[in-house]
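Here's the letter readout for the chains.
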Amino acid sequence: MSDQIWAMDRSDADRAELSRLAADTALDVRAYLEATTTVASGTSPDVALPVVLLATSQVLVAGARLGAITDVLPTERFEPDSGPEPDVDPLHAGLANVLEGIDDYADVVDPVLPSEIAAFSLSGDIATVASDLSHGLRHFEAGRVDEALWWWQFSYLSSWGLRAASSLRVVQSLLSHLRLDADDEVVADAEFDALHP
C-alpha cells in the first residue's frame, strides 16, 4: 500500500500531526477570510494593501506547508457534499471597488512553460483564493479533516497557490511604488535635513 493513504497507512503520530496541520491551516484560512472581508467592506481603505499583504503572506505559509508534505488522500472515494458554495461575488465586488485604479495587472500564465501574458485582477485573485479556502474550511468544520487537507493541498497546487502568489507580488510592488516613488525635490529636502540637523 502507498504511504500516501491517510486512514490506512499513517501511524497515530502521523495522523495527530496532520490533524494539527489541519487545525493550523483552518486558523490561517479564517484569518485570511476575515481580513479580506474587512478590506472589501471599504471601512479602512488606507490600510487595504498592507492588510492584504499580511493576510496573503500568512495563507501562503500555510499553503507552503501543505505543498511540502506527502500527498494527502481522503478516506472517501468521492467528495462528500459540503453544501452550497459560498457566494464570493460580494467579496469580489467590494474588493474591486476598494482597489479601483490598481486592481488590474498582467502576469505570465505559467512561468515554467512557454506561455503568454494574460490579464488578471487582485480582486479576482483574492476572491478565487477565498472560494478555494472556504471549500476546505467547510469540510474541516464538518469534521472531515482528511478531506479538508486534501482539498487545501490539491487546490493550493492547482489554483489558489498561484493566484495568491501572483497577487502577493502585485501588492508588494504597489506598496514599493507608493513608498519609494517620491518626488525628487522631497527626497533632496529630506537628505539635506538628515545631513544638516
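Structure: above.
What comes next concerns the included structure. (Residues numbered from 1 in each chain as written. Predicted model: local features only at pLDDT ≥ 70, side-chain atom pairs only at ≥ 80, totals over all residues. Heavy atoms only, no water.)

Turning our attention to the packing of helix α2 (residues 12-41) against helix α5 (residues 122-141). Following both chains from N to C, one finds α2 and α5 inclined at 140°, their axes separated by 10 Å at the closest point. Relative to α5, the element α2 is oriented oblique. When you trace α2 past α5, the crossing you get is left-handed. Of the residues in α5, those touching α2 at Ala22, Ala23, Ala26, Val29, Arg30, Tyr32, Leu33 and Thr36 are Ile126, Val129, Ala130, Leu133, Ser134, Leu137, Phe140 and Glu141. Its residues assigned to classes, the contact of α2 with α5 comprises 12 nonpolar, 2 polar and 2 charged. (Axes fitted to C-alpha atoms, helices over the stretch in contact; angles between N-to-C directions. Helix = DSSP H or I, 4+ residues; strand = E, 2+ residues; numbered from the N terminus. Parallel < 35°, antiparallel > 145°, perpendicular 65-115°, else oblique. Left-handed = near helix turned anticlockwise from the far one by under 90°. Contact = heavy atoms within 4.5 Å. Nonpolar A, V, L, I, M, F, W, Y, C, P; charged D, E, K, R; others polar.)

Attention now moves to the pattern of salt bridges. Under the criterion given, the structure shown has 5 salt bridges. Here Asp28 and Arg65 are joined by a salt bridge, their closest N and O atoms 3.0 Å apart. With a gap of 37 residues between them, Asp28 in helix α2 and Arg65 in helix α3 (residues 48-68) connect regions that are remote in the sequence. Given a relative accessible area of 12%, Asp28 falls into the buried group. The class for Arg65 is partly exposed, based on a relative accessible area of 31%. Across the salt bridge formed by Glu141 and Arg30, the nearest N and O atoms sit 3.3 Å from each other. Residue Glu141 is located in helix α5, and its partner Arg30 is located in helix α2; the two are separated by 111 residues in the primary sequence. The exposure class of Arg30 is partly exposed, given its relative accessible area of 34%. (Salt bridge = Lys/Arg side-chain N within 4 Å of Asp/Glu carboxyl O. Buried < 20%, exposed > 50% of the residue type's maximum accessible area, 1.4 Å probe, protein only.)

Moving on, we come to the packing of aromatic side chains. Describing an aromatic ring pair means giving the distance of the ring centres and the angle of the ring planes. Here the structure, examined in full by the defined rule, presents 6 aromatic pairs. When the centroid spacing of 6.0 Å and the interplanar angle of 50° are considered together, the rings of Trp150 and Trp151 count as tilted. In this structure Trp150 comes out as partly exposed when scored by relative accessible area, which is 23%. Every member of this aromatic cluster is reached through a ring pair, and the members are Trp150, Trp151 and Phe154. For the cation-ring pair, Arg163 lies above Phe120, with the distance from its terminal atom to the ring centre recorded as 3.9 Å. (Phe/Tyr/Trp six-rings, centres within 6.5 Å; stacked < 30°, edge-to-face > 60°. Lys NZ or Arg CZ within 6 Å of the ring centre and 35° of its normal.)

This brings us to the nonpolar core. Counting 42 residues, the largest nonpolar core has Tyr32, Leu133, Phe140, Leu149 and Trp152 as the members making the most contacts within it. Looking at this core, the elements with two or more residues in it are α2, α3, α4 (89-98), α5 and α6 (145-180). No other element matches the 12 residues that α6 contributes to this core. For Leu133, the residues in contact, after removing those within four places along its chain, are Val29, Tyr32, Val59, Trp152 and Trp160. (Core = buried A, V, L, I, M, F, W, Y, C linked by side-chain atoms within 4.5 Å.)

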